[in-house]
Each structure stands twice: as structure tokens, then as C-alpha cells.
Amino acid sequence: MKKIMVILAAMLLPLSLAESVEYRISQQTNTARGSNQVFTNIATVESETDFENFTGRTNNVTGTLSFDREAKTGSGSLIINGKSIVTGVDLRDEDMRTKAWLDFDNTPEIRFDTIRVLNYQQDVYRVRGNLTLKGVTKEVVARVTFKYSPASKVPTSLKTLGILGDVVAMSSKFAIKLSDFGIKHPAIDAGRVSDRMDITVKVIASDKFVGDK
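Residues numbered from 1 in each chain as written. Predicted model: local features only at pLDDT ≥ 70, side-chain atom pairs only at ≥ 80, totals over all residues. Heavy atoms only, no water.

Trainee: Would you mind going over the overall build of the protein with me for this structure?
Mentor: From N to C terminus, the protein includes four helices and 12 strands. With 213 residues in all, the protein has 36% of them scored as buried. Here the analysis covers contacts within the protein between residues at least 6 apart in sequence; of these, 58% occur between residues at least 24 apart. Per element, the accessible surface of the protein, about 12500 Å² overall, is 51% carbon and sulfur. (Helix = DSSP H or I, 4+ residues; strand = E, 2+ residues; numbered from the N terminus. Buried < 20%, exposed > 50% of the residue type's maximum accessible area, 1.4 Å probe, protein only. Contact = heavy atoms within 4.5 Å. Areas by Shrake-Rupley, 256 points an atom, 1.4 Å probe, with all protein chains shown as cover.)

Here is the structure:
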């Protein structure tokens, strides 16, 4: 019996030592190639209808991720600056910021806070969380990929951005209904803008940056 207990203790020891590590999303850009900035983060919002399609983009994504590689779980908060989203059409961008649409002038944040993280295939996770848009919070489910790299394997292109520690690359995609967030508009009724919006987020986060103590 004593031998069995020792074996069980040895098996459980790695679990007891495992812990979540906090990774901050990189806010750096690489200007080494002249005037072309290389961003590590991107968020997109997409609308598709029979009459009109558009994609909005921004590199203004902030937040933190906590990731436990042993337990394959974690948590986090992501914030997209909606006011910085551009679609390539100035008038459309201005409309998105008004109260009639997404009201980014008054509530610029699109915020996602995790509730539960479930690993179901290697680096792929099912993440349930609260999404806040235009001051309304709704629960959504996202498909998320986490890829971990130790500091020794981080490429030079990221080190030039001041990333010194271990790295987690996260990509996520989920869909929402604008009507769930109180957004109704004649353009949606007319089929020019979809009630469904697909949101994709890709970020690089690290546990150590230049200047950290």
C-alpha cells in the first residue's frame, strides 16, 4: 500500500507544480524595413451579404493571457480598439463609429473575457467568454489556437520587437449577431449589411519584454 501511495504521489507531483503563466500581448511594431511597419497583432471584423461585403482591420489589440501548458487551460482578457478599425471606405468607417451602428466614438472597446477554457485537440481550445460591444455583454464561444514557444526558439524578427521571454501565439475566430447587442439598422433589414459579424483575432504575447524588471 505504501508503495502505491509513493507511485501516486510521483504521478501527481508534476500537476502540483504546474501553474499558469501570464503573457502580455505585444504592443511593439518593427520599423526596420523602412516605412513599412510589421505588426504582431491583428483583429478583423467581416460582414458578407448578397449585395455588399467588407472587412475591417486594426492592429490595436491589448490584453493579457494566462496559460498553463501542463494542465492545458488558461484565462485572459482581450480588448480591440473599435475606433481604430478601418475598412478602406472612410464614410463607412465614420458610420461604424456613430450611435446608429457600433458607437465606437462613445464605447470604443470590444472586450472579451474568458469564462471557461476547454482543450479538445492538441493546441486547439474551445473558449467560452463574455463579449462586450456597445456597452452590452453577451456570452460567446470561440475556437482558439494556442502555440507555445520557449524563449530559446523565438525568431529574431520577434526579438527585434523587444520580446525576450517565452511566447504564446494565439489565434481566435467567432461570430456574433449585431442584433444581440441592440444594433438594428435599415441597412441590415435591406440586406446590405449582415446581422452576422465574424471576428478574428491573432496576437503574439510574451512573459518578458525589454525594460521589464
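Trainee: What am I meant to see in the nonpolar core here?
Mentor: As a rule of thumb, nonpolar side chains are buried together in soluble globular proteins. One finds I176 and V201 to be the most contacted residues of the largest nonpolar core, which totals 41 residues. Setting aside its immediate chain neighbours within four residues, V201 contacts I42, A43, V61, L78, I80, M170, S171 and S172. L158, L161, V167 and I204 belong to the second largest nonpolar core, which has seven residues in total. (Core = buried A, V, L, I, M, F, W, Y, C linked by side-chain atoms within 4.5 Å.)

Trainee: In this structure, what is going on with empty space enclosed by the protein? I would like to understand it.
Mentor: Here the idea is plain: a probe the size of a water molecule rolls over the atoms and shows the empty space left. For the structure shown, the criterion picks out one cavity of 30 Å³ or more. If you go around the largest cavity, you meet 26 residues; those closest to its centre are L78, F112, T114, M170 and S172. Those elements that place two or more of their residues in the lining of the largest cavity are β6 (61–68), β7 (73–81), β8 (109–121), β9 (124–133), β10 (136–149), β11 (167–177) and β12 (196–206). Residue contributions to the lining of the largest cavity peak at eight residues, all from β7. Taken together, the residues of the lining of the largest cavity break down into 17 nonpolar, eight polar and one charged. (1 Å grid on protein atoms, 1.4 Å probe; cavity = no way out; pocket = protein on both sides within 12 Å on 5 of 7 lines; lining within 4 Å. Points joined across faces, edges and corners; volume = space filled by probe spheres on them. Nonpolar A, V, L, I, M, F, W, Y, C, P; charged D, E, K, R; others polar.)

Trainee: I'm lost on the side chain of S26 in this one. Help?
Mentor: With respect to the helices and strands, S26 occurs in the loop between β1 (21–25) and β2 (29–30). Ignoring anything within four residues of it in the chain, the contact list for S26 reads T40, N41, I163, I204, A205 and F209.

Trainee: Sorry if this is basic, but what is going on with the packing of aromatic side chains here?
Mentor: For any pair of aromatic rings, the description rests on two quantities: the centre-to-centre distance and the angle between the ring planes. Overall, the coordinates contain four aromatic pairs when judged by the stated rule. With a centroid separation of 5.1 Å and 15° between ring planes, the pair formed by F67 and F146 is classed as stacked. Taken together, the residues F67 in strand β6 and F146 in strand β10 connect sequence positions 79 residues apart. Like F67, the residue F146 is buried in the burial classification. Consider the rings of Y125 and F146, whose centres lie 5.3 Å apart with planes at 85°: the pair is edge-to-face. One end of the pair, Y125, is in strand β9; the other, F146, is in strand β10, with 21 residues separating them in the sequence. The exposure class of F146 is buried, given its relative accessible area of 10%. By the ring-pair criterion, three or more aromatic residues cluster together here, those being F67, Y125 and F146. (Phe/Tyr/Trp six-rings, centres within 6.5 Å; stacked < 30°, edge-to-face > 60°.)

Trainee: What is the right way to look at the pattern of salt bridges in this model?
Mentor: Side-chain pairing between opposite charges can occur once the charged atoms of the two side chains come close. Considering all chains together, one arrives at eight salt bridges under this definition. Across the pair R92 and E52 runs a salt bridge whose closest N-O atoms are separated by 3.0 Å. Of the two residues, R92 sits in helix α2 (residues 90–96) while E52 sits in the loop between β4 (42–48) and β5 (53–58), which places them 40 residues apart along the sequence. Judged by relative accessible area, E52 falls into the partly exposed class, the value being 27%. A salt bridge links R128 to E139; the shortest N-O distance between them is 3.3 Å. Of the two residues, R128 sits in strand β9 while E139 sits in strand β10, which places them 11 residues apart along the sequence. Among the residues examined, R128 registers a relative accessible area of 25% and is labelled partly exposed. (Salt bridge = Lys/Arg side-chain N within 4 Å of Asp/Glu carboxyl O.)

Trainee: Hey, could you run me through the environment of D195 in this one?
Mentor: Mapped onto the elements, D195 comes out in the loop between α4 (186–189) and β12. When residues no more than four places from it in sequence are discounted, the contact partners of D195 are I176, K177, L178, S179 and I188. Among the polar contacts listed, one links the side chain of D195 to the backbone nitrogen of S179, at a separation of 2.8 Å. (Polar contact = N/O pair within 3.5 Å; in protein donor to acceptor, adjacent residues only side chain to side chain.)

Trainee: Even after reading the chapter, I still don't get the environment of V154, so can you show me in this structure?
Mentor: Here V154 lies in the loop between β10 and α3 (156–159). The spacing of V154 and V167 is 13 residues in sequence and 7.2 Å in space, taken between C-alpha atoms. Residues in contact with V154, not counting those within four places in the same chain, are S149, K159, G165 and V167.

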